[in-house]
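Chain by chain, the residues:
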Amino acid sequence: MKLPCVTLGALLLLLLAGHGGTETSAIDLRTFIGCAVREFTFLAKKPGCKALRITTDACWGRCETWERPLLHPPYIESYHRVCTYNETKLVTVMLPKCGPGVDPFYTYPVAIRCNCDFCSTATTECETA
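A few points on the structure. Bear in mind the structure is a predicted one, so any value in this text is a computation, not a measurement.

Cut-offs used in this document
- Residues numbered from 1 in each chain as written.
- Predicted model: local features only at pLDDT ≥ 70, side-chain atom pairs only at ≥ 80, totals over all residues.
- Heavy atoms only, no water.
- Helix = DSSP H or I, 4+ residues; strand = E, 2+ residues; numbered from the N terminus.
- Buried < 20%, exposed > 50% of the residue type's maximum accessible area, 1.4 Å probe, protein only.
- Lys, Arg positive; Asp, Glu negative; His and termini not counted.
- Salt bridge = Lys/Arg side-chain N within 4 Å of Asp/Glu carboxyl O.
- Contact = heavy atoms within 4.5 Å.
- Core = buried A, V, L, I, M, F, W, Y, C linked by side-chain atoms within 4.5 Å.
- Disulfide = S-S within 2.5 Å.

### A short note on the side chain of R81
- With respect to the secondary-structure elements, R81 resides in the loop between β4 (76-80) and β5 (82-94).
- Despite its burial, R81 pairs with no opposite charge; the closest candidate is D117, at 4.7 Å N-O.
- Discounting residues that sit within four places of it in the chain, R81 has contacts with C63, E64, C116, D117 and F118.

Written out as structure tokens, the structure reads:
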């Protein structure tokens, strides 16, 4: 399912940056290698409306990545995977106290399944060096 890059990308970047979220399992997140669905809390904002705290499920984790030099072009072989959304559903909520003429509806993705995969700009903000 393709989602707006900004919404899904922002959610993924916030999650990877360590903002919000609460640990809900016995997994040691400092040593966990892989990709999993994890509870995540963020503040939904829209100009003209009051903010609303939302708790949802998002993808979180660290995936295997490596590079090795080659003697011929392209001179490097790389294997880079990111923790990304495999399956999502969209949820729409109504933000409180919106001004006249302001659309009060806010839509965000909820992770159903996550996996380590190539970064796709269709669902995620991908950074390249």
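### Overview of the nonpolar core
- F42, A44, I54, C59, Y106 and Y108 are the most contacted members of the largest nonpolar core, which has 17 residues in total.
- Elements supplying a minimum of two residues to this core: β1 (34-44), β2 (52-62), β5 and β6 (105-117).
- Top element by residues in this core is β6. It accounts for 5 residues.

### Some thoughts on the state of the cysteines
- One pass over the full model with this rule turns up 4 disulfides.
- Paired by a disulfide, C49 and C98 hold their sulfur atoms 2.0 Å apart. Across the S-S bond of C49 and C98 the torsion is about 110 degrees, and the bridge reads as right-handed. Taken together, the positions of C49 in the loop between β1 and β2 and C98 in the loop between β5 and β6 put the pair 49 residues apart, joining distant regions of the chain.
- The class of C49 is buried, set by a relative accessible area of 15%.
- Classification of C98 by relative accessible area gives partly exposed; the value is 24%.
- Residue C63 pairs covalently with C116 via a disulfide, S to S 2.1 Å. Taking the torsion about the S-S bond as the criterion, the C63 to C116 disulfide, at about -80 degrees, is left-handed. Of this pair, C63 sits in the loop between β2 and β3 (65-69) while C116 is found in strand β6, placing the two residues 53 residues apart along the sequence.
- Among the residues examined, C63 registers a relative accessible area of 12% and is labelled buried.

The values reported here are purely geometric and, on their own, carry no functional implication.
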